[in-house]
Amino acid sequence: MIPILTVTRADREATACTLIGVKAYPDVDAYIQQSDQWPEAMTALRPILLGCGLTEEIKWGKPCYSHDGKNIVILQEMKEFLALMFFKGALLNDPASVLEEQGPNSRSARRIRFTSVEDVDRLADSVRACVDEAGLKVEPASKLVLVEELHDRLDQDPALKAAFESLTPGRRREYNLYFSNAKQAETRKARIEKYAQQILEGKGFRDR
């Protein structure tokens, strides 16, 4: 018998509800905000995946990234690590040997494991390469819409605007996502000022 979910007013107002033991979140932002395992690593990994032109949504209670309706990767929070699972990982060439098998009963899936933001930084290029190696031919992401504060700041500073536009599309998306994730306008402005010099130096958000 399929359990019947009774949704109360409190349930509707809550960020997540539970159905057959799986939490349902309205979006990836809500998922990360309620995570008490690997929120920092997921926050760092998210713009990398979006920068590859993938689309994100919640599937099976987890952040899932797809292209043209096909599932590409999904984030899985384990007790000891965060896994980025490629659904068809066995088809990847994986020149950097970063992929590992899910287990003895998994034929096609492969995963990359992360235990820190530093791991995400170190493996960022490998993540991008794995998407390319899959032969998915992911099209470039749609035109980037800048958060208002960044748009205004670039209009006020031609040098900063030129430097920002010279960055790779993925790096521009990483910056824009980080700035836009701040809920307050003043916080967004402060983040932009903090990274202005780094942008002028031609560096990405995670470059040091």
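Residues numbered from 1 in each chain as written. Predicted model: local features only at pLDDT ≥ 70, side-chain atom pairs only at ≥ 80, totals over all residues. Heavy atoms only, no water.

**Points about the overall build of the chain**
Then, in step 1: On a plain count of helices and strands, the chain comes out with eight helices and eight strands.
Then, in step 2: When burial is assessed residue by residue, the chain has 39% of its 208 residues classed as buried.
Then, in step 3: For the chain, the proportion of contacts with a sequence separation of at least 24, taken over those separated by at least 6, is 53%.
Then, in step 4: Total accessible area on the chain stands at roughly 12400 Å², and carbon and sulfur atoms take up 49% of it. (Helix = DSSP H or I, 4+ residues; strand = E, 2+ residues; numbered from the N terminus. Buried < 20%, exposed > 50% of the residue type's maximum accessible area, 1.4 Å probe, protein only. Contact = heavy atoms within 4.5 Å. Areas by Shrake-Rupley, 256 points an atom, 1.4 Å probe, with all protein chains shown as cover.)

**Some points on unusual backbone geometry**
Then, in step 1: A positive phi is found at aspartate 68, a non-glycine position, where the angle reads about 55°.
Then, in step 2: Looking at the secondary structure, you find aspartate 68 in the loop between strand E4 (62-67) and strand E5 (70-77).
Then, in step 3: A positive phi is found at serine 97, a non-glycine position, where the angle reads about 55°.
Then, in step 4: Here serine 97 lies in the loop between strand E6 (82-86) and strand E7 (100-101).
Then, in step 5: We classify serine 97 as exposed; its relative accessible area is 61%.

**Side note on the confidence of the model for the chain**
Then, in step 1: Looking at the chain as a whole, its pLDDT mean stands at 82, while 82% of the residues score no less than 70.
Then, in step 2: Counted against residues more than four places away or in other chains, residues 1-22, with its pLDDT under 50, gives 19 contacts. (pLDDT = per-residue confidence, 0-100.)

**What to know about the packing of helix H7 (residues 169-180) against helix H8 (residues 185-200)**
Then, in step 1: The geometry of H7 relative to H8 is characterised by a closest axis approach of 9 Å and an angle of 155° between their N-to-C directions. Judged on the interaxial angle alone, H8 and H7 are roughly antiparallel. Contact with H7, carried on its side by Tyr175, Tyr178, Phe179 and Ser180, involves Arg188, Arg191, Ile192, Tyr195, Gln198 and Ile199 of H8 and no other residues of that element.
Then, in step 2: Each residue belonging to the contact of H7 with H8 can be placed in one class, and the counts come to six nonpolar, two polar and two charged. (Axes fitted to C-alpha atoms, helices over the stretch in contact; angles between N-to-C directions. Parallel < 35°, antiparallel > 145°, perpendicular 65-115°, else oblique. Nonpolar A, V, L, I, M, F, W, Y, C, P; charged D, E, K, R; others polar.)

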